[in-house]
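Okay, here's what each chain looks like letter by letter:
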Number of protein chains: 2
Amino acid sequence: SAASLCRIKASGLKLQLCTNETQATRADFVRKLRAMGFDVSVAEVTAPAPAACRLLQERGLRPHLLVHHDLIPEFAEIDKTNPNCVVLGDAAEHFTYANLNEAFRLLIGMEKPVLISLGKGRYYKETDGLKLDVGAYMKALEYACDVEAEVVGKPAKSFFESALAELGVPAEQAVMIGDDIVSDVGGAQQCGMRALQVRTGKYR
Amino acid sequence: SAASLCRIKASGLKLQLCTNETQATRADFVRKLRAMGFDVSVAEVTAPAPAACRLLQERGLRPHLLVHHDLIPEFAEIDKTNPNCVVLGDAAEHFTYANLNEAFRLLIGMEKPVLISLGKGRYYKETDGLKLDVGAYMKALEYACDVEAEVVGKPAKSFFESALAELGVPAEQAVMIGDDIVSDVGGAQQCGMRALQVRTGKYR
């Protein structure tokens, strides 16, 4: 809750929010949270898109983006000409037949196809029902191109490592709190952190 | 060629065409072949949709169809009310985000999800470029619902068995001729048939 977050900060503990949100920029995400009373800033958010940007820059990769339109600003600084990899996010209604074929053609045409996925969720729930998540489309492209995607975002070890780096805290001094036993708890433990599962959110 | 087909028939050998075509009914497929000079009838064609229909009827399954619109007439005799399985074909432009979510929701809502796929091809080539084939969408639904699809069509053993049944010939007296080492040659061999690979068609 907003109050617990406030108490954590007041106690002097460092805090980083780890989210797999890929339908909005961190700025939009923070705006939404602030409107709900949470005192957070963009620097306190670790999200898959910036993690992907670091990976792209480290390896000199130029992405073709198949992501949600609202996420595109996160990739503003990235060279996207003459793509040598595909970055896949939860594109939602932008997962059209044409867009999927376009990403597939680019990928299979590469000398060494590189597929980076901003998550590997199976599905999620919206007010109008269940939706296929990015993981399903990742599997489709993996199969068609005979490649294995590199997943950034939870539960990837590198994702938690970058959150720790942003905190400036070693794994053994950090605690991950989340409602997902695989993405939150499992991912953090793989990274050497302790983890707490809360019975709120999507817990059941 | 049309001439070789003619000679085979004239020699008294029985003949059955085994196709994974799922974008048209057998009637349309035969019409196209006849226009090209091939002397074939609908009864001489073994295709995935009729194989799926037999399977549906044997097991009392009522499908939700995510297939090409031109294939739907093949399922005219099948009860499609209150679906208890999903039949997936190469739906091409009907692979929309909405249609995929609809098939997914039905599948995951079933007590025991049954996914029947009319093939498992990775991709194919059309005049305007490569397209994702049914296998990619099959993988997406398999992952999201944690099920394994039952594949009818080549290289499924049952597919070749039904072609043999239509011929009234045992496997050891039949020869499969095709250009695909997995779908044609491999599938036929698994079924106890001899097989010849031709270096035409998509062979490279």
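Everything here concerns the structure above.
The model shown is predicted, which means the values in this text are computed figures rather than measured ones. (Residues numbered from 1 in each chain as written. Chains lettered and ligands numbered in written order. Predicted model: local features only at pLDDT ≥ 70, side-chain atom pairs only at ≥ 80, totals over all residues. Heavy atoms only, no water.)

How do you make sense of the relation of the copies chain A and chain B when you look at a structure like this?
Each of the two chain copies goes to the other by way of a rotation about an axis and a shift along it. You can overlay chain A on chain B at an RMSD of 0.1 Å; the transform is a turn of 180° with a shift of 0.0 Å along its axis. Accordingly, the operation relating the two chain copies is best matched by a two-fold axis. (Least-squares fit on C-alpha atoms with pLDDT ≥ 70 in both.)

Sorry if this is basic, but what is going on with the sheet that holds strand S4 (residues 85-88) of chain B here?
In a beta sheet, neighbouring strands pair by backbone hydrogen bonds and run either parallel or antiparallel. All names here are of chain B. Here four strands make up an open sheet; going across it, the order is S3-S4-S5-S8 and the pairing parallel. Two strands in the sheet have a free side with no partner beyond their single neighbour: strand S3 (63-66) and strand S8 (150-151). By the bridge criterion, four bridges tie S3 to S4 in an arrangement that is parallel. Within S4, the position partnered with Pro63 by the bridge is Cys85. Strands S3, S4 and strand S5 (115-117) of the sheet are contacted by helix H4 (residues 97-108), whose axis makes an angle of about 160° with S3. (Pairing = 2+ DSSP bridges. Helix = DSSP H or I, 4+ residues; strand = E, 2+ residues; numbered from the N terminus. Contact = heavy atoms within 4.5 Å. Axes fitted to C-alpha atoms, helices over the stretch in contact; angles between N-to-C directions.)

Which parts of the structure should I look at to understand the interface of chain A and chain B?
Interface size is often expressed as the accessible area that is lost when the parts come together. On the side of chain B, 28 residues touch chain A, which itself brings 28 residues to the contact. Between chain A and chain B lies a buried interface of about 2,600 Å² when both sides are counted; carbon and sulfur atoms form 65% of it. On the chain A side of the contact with chain B, Tyr97, Leu132 and Tyr143 of chain A bury the most area, a combined 32% of that side's loss. Joining chain A to chain B, the criterion identifies zero salt bridges. Secondary-structure elements contributing two or more residues to the side of chain A that touches chain B are helix H4 (97-108), strand S6 (123-126), strand S7 (129-132) and helix H5 (134-145) of chain A. The element that contributes the greatest number of residues to the side of chain A that touches chain B is H5 of chain A, accounting for eight residues. Taken together, the residues that form the side of chain A that touches chain B break down as 16 nonpolar, four polar and eight charged. (Buried area = accessible area lost by both parts, 1.4 Å probe. Salt bridge = Lys/Arg side-chain N within 4 Å of Asp/Glu carboxyl O. Nonpolar A, V, L, I, M, F, W, Y, C, P; charged D, E, K, R; others polar.)

Before we go on, may I ask you to explain the nonpolar core in this structure?
One broad trend across soluble globular proteins is that nonpolar side chains are buried collectively. Grouped together as the largest cluster of nonpolar side chains are 50 residues, with contacts concentrated most on Leu88 of chain A together with Leu88 of chain B. At the level of elements, strand S4 (85-88), H4 and H5 of chain A together with S4, H4 and helix H5 (134-145) of chain B are the ones that each hand at least two residues to this core. If we skip the residues at most four places from it in the chain, Leu88 of chain A touches Leu66, Val67, Phe95, Leu115, Ile116, Ser117, Leu118, Val134, Tyr137, Met138 and Leu141 of chain A. (Core = buried A, V, L, I, M, F, W, Y, C linked by side-chain atoms within 4.5 Å. Buried < 20%, exposed > 50% of the residue type's maximum accessible area, 1.4 Å probe, protein only.)

Even after reading the chapter, I still don't get the sheet that holds S4 of chain A, so can you show me in this structure?
Residue and element names in this part refer to chain A. Strand order in this open sheet of four strands is S3-S4-S5-S8, and the pairing throughout is parallel. Looking along the sheet, the strands with just one partner apiece sit at the ends: strand S3 (63-66) and strand S8 (150-151). Relative to strand S5 (residues 115-117), S4 runs parallel, the two being bridged by three bridges. Looking at S5, one finds that Leu88 is bridged to Ser117. In the packing of H4 onto the sheet, the strands contacted are S3, S4 and S5, and the crossing angle to S3 comes to about 160°. Running over the sheet, H5 touches S4, S5 and S8 and is turned about 170° from S5.

What should I look at first to understand a nonpolar patch on the surface in this one?
A cluster of nonpolar side chains, namely Val175, Ile177 and Leu196 of chain A, defines an oily patch on the protein surface of about 280 Å² accessible area. Mapped onto the elements, Ile177 of chain A comes out in strand S9 (residues 175-178). (Patch = residues over 30% accessible without salt bridge, like charges linked within 9 Å, V, L, I, M, F, W, Y side chains within 5 Å. Areas by Shrake-Rupley, 256 points an atom, 1.4 Å probe, with all protein chains shown as cover.)

I would appreciate a short explanation of empty space enclosed by the protein in the present structure.
Empty pockets left among the atoms are what a rolling probe the size of a water molecule brings to light. One pass over the structure, following the stated rule, counts two cavities of 30 Å³ or more. Taken as a whole, the largest cavity spans an internal volume of roughly 40 Å³. What lines the largest cavity is simply Thr19, Glu21, Ala24, Thr25, Arg26, Phe29, Val45, Ala47, Pro48, Ala49, Leu71 and Glu74 of chain B. Taken together, the residues of the lining of the largest cavity break down into seven nonpolar, two polar and three charged. Taken as a whole, the second largest cavity spans an internal volume of roughly 30 Å³. Thr19, Glu21, Ala24, Thr25, Arg26, Phe29, Ala47, Ala49, Leu71 and Glu74 of chain A together form the lining of the second largest cavity. (1 Å grid on protein atoms, 1.4 Å probe; cavity = no way out; pocket = protein on both sides within 12 Å on 5 of 7 lines; lining within 4 Å. Points joined across faces, edges and corners; volume = space filled by probe spheres on them.)

Help me out: how do you make sense of the pairing of S9 of chain A in this one?
Residues and elements named next belong to chain A. Only one face of S9 is covered, namely the one carrying Met176 and Gly178; the face carrying Val175 and Ile177 has none of its residues buried. Sheet topology places S9 next to strand S10 (residues 194-197); four bridges connect them, and they run parallel. Within S10, the residue paired with Ile177 across the bridge is Leu196. In this view, the connection linking S9 to its parallel neighbour S10 by way of helix H7 (residues 181-190) has right-handed handedness. (Right-handed = clockwise from strand over helix to strand, strands pointing away.)

Looking at this structure, how should I read H5 of chain A?
Quick reminder: α-helices carry 3.6 residues per turn. Residues three or four places apart thus point the same way. All names here are of chain A. Helix length check: H5 (12 residues) gives 17 Å between terminal C-alpha atoms against 16 Å at 1.5 Å per residue, within 8%. For H5, the buried fraction is high: 11 of the 12 residues fall into the buried class. Along H5, the residues classified as buried are Val134, Gly135, Ala136, Tyr137, Met138, Ala140, Leu141, Glu142, Tyr143, Ala144 and Cys145. Just beyond H5, the residue with positive phi is Asp146, at close to 55°. (Expected span 1.5 Å × (residues − 1).)

Hey, could you run me through unusual backbone geometry in this one?
With the exception of glycine, the majority of residues adopt a negative phi angle, and the majority of peptide bonds are in the trans configuration. Residues and elements named next belong to chain A. A cis amide bond, omega 0°, links Lys154 with the succeeding residue Pro155. Tracing the backbone through its elements, the reader meets Pro155 in the loop between S8 and helix H6 (157-167). Unlike most non-glycine residues, Ala92 shows phi in positive territory, near 50°. Position of Ala92 relative to the elements: it lies in the loop between S4 and H4. What makes Ala92 buried here is its relative accessible area of 4%.

Would you take a moment to explain H4 of chain A for this structure?
Residues and elements named next belong to chain A. Over its 12 residues, H4 extends 16 Å from the first C-alpha to the last, a length consistent with the 16 Å expected when each residue adds 1.5 Å. Residues Tyr97, Leu100, Asn101, Ala103, Phe104 and Leu107 constitute the buried set of H4. All buried residues of H4 project into a common sector of 165° when viewed along the axis, lining one side. (Arc of directions from axis to C-beta.)

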